[in-house]
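Okay, here's what each chain looks like letter by letter:
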Amino acid sequence: MPYTLTAGTGVVPCEPGRTVLEAFLRNGNWMPNSCNQGTCGTCKIKVLDGELDHRNSPEETLTADELAAGFVLACQATPRGDVVFETPATEESAGTHVLRDVVATVAEVRDIAADTRKVLLTADEPLEFSAGQYVEVTVPGTEIRRQYSLANPPSEAKQLELHIRRQPGGVASEWVFERIEVGERVAVTGPYGDFTFDPDGTGPIALLGGGTGLAPLEAIVRQALSLVPDRQILLYHGVRTCADLYDVDFLRELETRHPGFRYITCVSRESGGDHEGYVTDAFLEDVASAKEFTGYICGSEAFVEASVKAFKRRRMSPRRIRRERFTPAG
Ligand SMILES: Cc1cc2nc3c(=O)[nH]c(=O)nc-3n(C[C@H](O)[C@H](O)[C@H](O)COP(=O)(O)OP(=O)(O)OC[C@H]3O[C@@H](n4cnc5c(N)ncnc54)[C@H](O)[C@@H]3O)c2cc1C
Ligand code: FES
């Protein structure tokens, strides 16, 4: 028998063992979420009535005081019965698409940069998502799930393009770099996350990506240019060496077709990029005022923090800064 979960106007069933977040997203009810691994705190919500099992809710994310005050991490907690929550901080949809399980086939695997592969999956059924969101892939032969951002725009709903960087000793890395095979069947769940492109805007955009943090930014750039071909868009890709750059020809070609789009490569440990150094310095040199801009940042925790500071130094409104952190699985 499923339990009943209530949050604001949302009333959804939840199978025993399923997390609160999954129950809401699987029923098409938006609930704030980002990492789905208990590290960001975006999904924190207050319980008004009912009991839950907190499972892997780390104290750095959910403090003892918050626990005592009745908060839970929706991405970790599983209900023990019917539960009523406070209305989520925002009921505004981040382009709510129903969270679904799909099976996909590995269609192509390509080395695109040092220790980086592009993996193209073809889903059996279309998966609706917003540009910027990510999916969880179950590593074949295991029950372990890892998050990967979708690099293709939502118009290609059966195609799932992933850019994956090798992590030495990593479970997913061992699969992607040692034994993946074209034709292999893969379980995928998604979409997740609040790192989403707002398709209604028309103002200038700045995007800063570190390493494979370029993936969701490509999806956003492609959708933005398809909607407003002459939109002012600055895309900065930060890497350590030139061998880490990828999709350069594709992005240069986009530049020739869209005069408002600029793609700036930033290489921090050698010369050869458009800018020698960090993306943040390149952005600060290029943009005197970012008051009118919307910003998208994706990469490691440190990359995101530094980039947020750079945007704020150029007066970008904090509510227009969106970020995705590639935090390691705990
Ligand atoms: C929302 C989200 C989206 C993501 N999207 C992408 C994406 O598009 N492309 C991509 O390449 N990755 C992405 N990641 C990271 C990805 O999910 C995995 O964490 C990464 O691929 C490593 O997985 P693994 O199984 O190979 O390594 P694991 O088995 O998880 O880790 C092996 C060891 O390496 C350590 N480790 C793992 N990652 C790091 C790190 N970054 N720095 C230092 N130590 C680390 C672990 O703690 C562990 O000790 C994303 C993460 C999140 C949260
Ligand atoms: S802690 Fe739950 S979404 Fe990040």
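Chains are numbered independently. Their residues run from 1 in the order of the written sequence. Written order determines the labels here, with chains lettered from A and ligands numbered from 1. Totals for whole chains, interfaces and linings use every residue, but because this is a predicted model, local features are given only for residues with pLDDT of at least 70 and side-chain atom pairs only at 80 or more, for both listing and counting.

Peer 1: I would appreciate a short explanation of the nonpolar core in the present structure.
Peer 2: In terms of nonpolar packing, the biggest core is built from 60 residues, with Ala206, Leu207, Leu217, Ile220, Leu235 and Tyr236 touching the most fellow members. Note that contacts rest on C-beta atoms placed from the backbone: two residues are in contact if these are within 7 Å. With residues near it in sequence (within four places) discarded, leucine 207 still touches Leu217, Ile220, Val221, Leu235, Tyr236 and Tyr296. By definition, a nonpolar core groups buried Ala, Val, Leu, Ile, Met, Phe, Trp, Tyr and Cys residues that connect through C-beta atoms lying within 7 Å of each other. Exposure classification rests on a simple neighbour count of other C-beta atoms within 10 Å of a residue's own: a residue reaching 20 or more is buried, one at 12 or fewer is exposed, and one in between is partly exposed. C-beta atoms are placed from the backbone. Val20, Leu21, Phe24 and Val72 belong to the second-largest nonpolar core, a separate cluster that totals 23 residues.

Peer 1: What is the right way to look at the site of ligand 1 in this model?
Peer 2: Near, as applied to residues and a molecule or strand, means the residue's backbone-placed C-beta atom lies within 6 Å of it. Every one of the 24 residues lining ligand 1 counts as a neighbour, but Ser149, Gly170, Ala172, Ser173 and Pro328 are closest to it. For the purposes of this entry, the term helix denotes a DSSP run of H or I that reaches at least four residues, the term strand denotes a run of E that reaches at least two, and both are numbered from the N terminus. Among the secondary structure elements, those contributing two or more residues to the shell around ligand 1 are β11 (145-149), β12 (159-165) and α3 (171-179). When residues in the shell around ligand 1 are grouped by element, the largest group, four residues, is from β11. Grouping the constituent residues of the shell around ligand 1 by class yields ten nonpolar, eleven polar and three charged. The domain boundaries here were taken from an automatic or database domain assignment. Counting residues domain by domain, the shell around ligand 1 receives three or more from each of domain 2 (100-192) and domain 3 (205-325). For this scheme, ten residues count as nonpolar: Ala, Val, Leu, Ile, Met, Phe, Trp, Tyr, Cys and Pro. Four count as charged, namely Asp, Glu, Lys and Arg, and the remainder, Gly too, count as polar.

Peer 1: What's the story with the domain arrangement of the protein chain in this structure? I'm lost.
Peer 2: One frequent convention defines the size of an interface as the accessible area lost when the parts assemble. Structurally, the protein chain comprises domain 1 (3-85), domain 2 (100-192) and domain 3 (205-325). The straight-line distance from the C-alpha centre of domain 2 to that of domain 3 is 23 Å. In this assembly, 15 residues from domain 2 lie in contact with 17 residues from domain 3. Among the elements of the structure, β8 (100-113) and β12 are those that each provide at least two residues to the side of domain 2 that touches domain 3. Sorting elements by how many residues they give to the side of domain 2 that touches domain 3 places β12 first, with three residues. When the residues that make up the side of domain 2 that touches domain 3 are grouped by side-chain class, the tally is nine nonpolar, five polar and one charged.

Peer 1: I would appreciate a short explanation of the pairing of strand β1 (residues 3-7) in the present structure.
Peer 2: On a regular strand, one side chain projects to one face of the sheet and the next to the other, so that they alternate. Because side chains alternate across β1, one face comprises the buried residues Tyr3, Leu5 and Ala7, and the other comprises Thr4 and Thr6, none of which is buried. Two strands pair when backbone bridges link them, and β1 and strand β2 (residues 10-14) are joined in this way by five bridges, in the antiparallel orientation. Across the sheet, residue leucine 5 finds its bridge partner in β2, namely valine 12. If DSSP finds at least two bridges between two strands, the strands pair. In textbook terms, the turn of a hairpin is the stretch between consecutive antiparallel strands, and for β1 and β2 this stretch comprises two residues, one of which, glycine 8, has a positive phi near 60°.

Peer 1: Any chance you could explain the sheet that holds β2 here in plain terms?
Peer 2: In a beta sheet, neighbouring strands are held together by backbone hydrogen bonds and run either parallel or antiparallel to one another. Pairing in this open sheet of five strands is mixed, and the strands run β2-β1-β7-β3-β5 from one edge to the other. Each edge of the open sheet is held by one strand with a lone partner, namely β2 and β5 (71-73). Across the sheet, the axes of successive neighbouring strands diverge by a mean angle of 35°, strand direction being ignored. The pairing of β1 with strand β7 (residues 83-85) spans three bridges and is parallel. The residue of β7 that forms the bridge with alanine 7 is phenylalanine 85. Where helices are involved, their axes are fitted lines through C-alpha atoms of the stretch in contact, as for all axes, and angles between N-to-C directions lie from 0 to 180°.

Peer 1: What is the right way to look at the environment of threonine 116 in this model?
Peer 2: You can see threonine 116 is positioned in strand β9 (residues 116-123). The exposure class of threonine 116 is buried, given the 22 C-beta atoms found within 10 Å. When near neighbours in sequence (up to four residues on either side) are disregarded, threonine 116 contacts His163, Ile164, Arg165, Thr212 and Tyr246.

Peer 1: I would appreciate a short explanation of the environment of glycine 141 in the present structure.
Peer 2: Among the structural elements, glycine 141 can be located in the loop between β10 (134-138) and β11. Accessibility expressed as a C-beta count within 10 Å gives 9 for glycine 141, which makes it exposed. Residues glycine 141 and lysine 158, 17 residues apart in the sequence, show an inter-C-alpha distance of 23 Å.

Peer 1: It is not clear to me how unusual backbone geometry should be interpreted in this structure. Could you clarify?
Peer 2: Among all residues save glycine, negative phi is the norm, and among peptide bonds the norm is trans. The omega angle of the peptide bond from glycine 190 to proline 191 is 0°, so this bond is cis rather than trans. The residue proline 191 is located in strand β13 (residues 185-192) in this model. With phi around 55°, asparagine 36 is a residue other than glycine that occupies positive phi space. Relative to the helices and strands, asparagine 36 is located in the loop between α1 (20-26) and β3 (44-49). Among the residues examined, asparagine 36 registers 26 C-beta atoms within 10 Å and is labelled buried. Of note in the backbone geometry, arginine 55 takes a positive phi value of approximately 45° without being a glycine. Of note, arginine 55 is situated in the loop between β4 (52-53) and α2 (64-68).

Peer 1: Honestly, the packing of helix α6 (residues 279-286) against helix α7 (residues 301-313) in this entry has me stumped. Any pointers?
Peer 2: Describing two packed helices takes the angle between their axes plus the distance from one axis to the other. Across the interface, α6 lies against α7 with an axial gap of 9 Å and an inter-helix angle of 10°. Looking at the two axes, α6 sits roughly parallel to α7. Within the contact between the two elements, α6 uses Val279, Thr280, Phe283 and Leu284 and α7 uses Ala306, Ser307, Ala310 and Arg313. Partitioning the contact of α6 with α7 into residue classes produces five nonpolar, two polar and one charged. Here the angle decides the label: under 35 degrees means roughly parallel, over 145 means roughly antiparallel, 65 to 115 means roughly perpendicular, and every other value means oblique.

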